[in-house]
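Take a look at the letters that make up each chain.
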Amino acid sequence: MKAVVYDSAKNFTVREIPTPTPQPGEVLIKTELAGVCGTDLHIHEGHFLAEFPLIPGHEMVGIVSALGEGVTQFKVGERVTVNPVVSCGDCEFCREGKPILCHNRKGLGTNWPGSFAEYMIATQDLVFKVEGLTVDQAVFAEPAACAMHGAQMLGIKPGSSALIFGAGPTGQLLAQLVAKGGAASVVVAGSSQFKLDTAKKLGADATYLMDRANVKKTFEDLKALRPSGFDIVIEATGSTEVAEICVPLTRSGGTMMVYGVTESHETFAINAFDVFHREITIKGSFAEIDTFPATIAALSSGRLQTAGIITHRFKLDEYGKALETLRSDKTAHKVVIEFN
Ligand SMILES: [Zn+2]
Ligand SMILES: [Zn+2]
C-alpha cells in the first residue's frame, strides 16, 4: 500500500510499504478520506508528542476491508471512522475512569501508525460505524469529538454568553455545540472573513474579524461589545497573545477554556488577583476519548453541521502540498486527502 512515512521530523516520503494484516481484535480499514489538521503541522515539526518513524493522520473515514480473529462487531464493507486516542487501561488515571489523562496514552498518527495511508489498522474498540453519513461528514468525526469533549468539559449553563477565538474547523464545531448546548449567544472571533462567514452560516450569532497583529484592539472592541464580559471565553487559536486577553474578557464567575494547541514551552500571563476576586475558572480541554458515539449521533441528526468547511482536496502523493496549503493558504479551511 501507499503511505506517507516520516523517517524523522520534516523528513517524509510517500512510498509503498507492506499492507498490514489485522491481528486478533483488529480491523483493517481502507481509507476513503483523511483530514489534515493543524496538529499535523506540529507533528511535521516533530512537536506534539510525535515519535518517528511515523505514518501521520488522525482524522479519517474508510471501509472495513478485513477482520482479525475475534472481531464480531463489524462486517467487511461497512463504513467506519476511528478514534485515534488509545489509553492503557492500567495506569492510575485509567483506573480512576479518566482515560484522557492516561500516562501511557498513544495517538494514531502521532506515535502510532495513522491514516495517511491506503489502509490502516485499529483495534475494534476504537472503530465506530458511520453508516448514513457521507464521507465528507464522517471525516469530521474526530475533530467534532474533540469539540464535543470541550463542550462537555464546559458544562454550559443555559442562557450563558460565549466568545470563541478561532474559526478553524474545530472552532466552528465547538461554536455550534456551545450554541446548541444552551448558550444564549455565541460570538466567534477569527482573522479570516470567509471562515467567519462559514461560522455565521453554521449558527454563530455574531462574528468579529480580528487583526492578529493588533490583539489590543481586539480586546478593546470585544470589551466594548460586552462590557461585563462573556460567561464563557474559549481560546481556540493556539496563540498565547490571544490567551492573555481571555480572562479579562471573561464575566465574573465565568470560565476561560484553553482549547487551541500552543507549543509546549509557551506561557501566558494571568492576573492572579483578577482570577481570585472575580472567581474565574480556567479549564483545559485536550483531544477526546469517549465522545465518538455522541458526536456521530450529532452529525447524523444534523445538529452538528459541517457543510462548507472542506475547502481543499488533495491526493496522497500531494501530502506536502496539502501541508503547505494548510500552513500558508489563507483560503484553506479544512484540507482533506482523497483516496480512491
Ligand atoms: Zn486533528
Ligand atoms: Zn492509562
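Above this text sits the structure in question.
Because the structure is predicted, anything quoted here is derived from the model rather than measured.

## With respect to the coordination of the zinc ion (ligand 1)
Coordination sphere of the zinc ion (ligand 1), protein contribution only: Cys37 (SG), His58 (NE2) and Glu59 (OE), at 2.1 to 2.4 Å. Since its relative accessible area comes to 15%, cysteine 37 is described here as buried.

## Overview of the packing of aromatic side chains
Tallied over the entire structure, the rule returns seven aromatic pairs. Centre to centre, the rings of tyrosine 6 and phenylalanine 12 are 5.1 Å apart; their planes meet at 50 degrees, and the pair counts as tilted. The partly exposed category is assigned to phenylalanine 12, whose relative accessible area is 22%. Ring geometry for tyrosine 6 versus phenylalanine 52: centroids 5.9 Å apart, planes at 45 degrees, classification tilted. On the criterion of sequence distance, the pair formed by tyrosine 6 in strand S1 (residues 2-8) and phenylalanine 52 in the loop between helix H1 (38-44) and strand S4 (59-67) is long-range, its members being 46 residues apart. According to the relative accessible area criterion, tyrosine 6 is buried, its value standing at 0%. With a relative accessible area of 27%, phenylalanine 52 lands in the partly exposed category. What links up through ring pairs into an aromatic cluster is the set Tyr6, Phe12, Phe52, Phe116 and Tyr319. Over the aromatic face of phenylalanine 230 sits the side chain of arginine 226, whose NZ or CZ is 5.8 Å from the ring centroid.

## Let's talk about the coordination of the zinc ion (ligand 2)
Geometrically, a metal with four donors at the corners of a regular tetrahedron has ideal angles of 109.5 degrees, and one with six donors at the corners of a regular octahedron has ideal angles of 90 or 180 degrees. Surrounding the zinc ion (ligand 2) are the protein donor atoms Cys88 (SG), Cys91 (SG), Cys94 (SG) and Cys102 (SG), at 2.3 to 2.4 Å. Metal-centred angles of 102 to 118 degrees between the four donor atoms at the zinc ion (ligand 2) mark the site as tetrahedral. In primary sequence terms, the donor set of the zinc ion (ligand 2) follows C-x2-C-x2-C-x7-C. Here the residue cysteine 88 occupies a position in the loop between strand S6 (85-86) and helix H2 (92-95), and cysteine 102 occupies one in the loop between H2 and strand S7 (106-107), the gap between them amounting to 14 residues.

Rules behind the numbers
Residues numbered from 1 in each chain as written. Chains lettered and ligands numbered in written order. Predicted model: local features only at pLDDT ≥ 70, side-chain atom pairs only at ≥ 80, totals over all residues. Heavy atoms only, no water. Donors = N, O, S within 2.8 Å, 3.2 Å for Na, K, Ca; no water. Buried < 20%, exposed > 50% of the residue type's maximum accessible area, 1.4 Å probe, protein only. Phe/Tyr/Trp six-rings, centres within 6.5 Å; stacked < 30°, edge-to-face > 60°. Helix = DSSP H or I, 4+ residues; strand = E, 2+ residues; numbered from the N terminus. Lys NZ or Arg CZ within 6 Å of the ring centre and 35° of its normal. Tetrahedral: all angles 85-135°; square planar, octahedral: opposite > 155°, others 65-115°.

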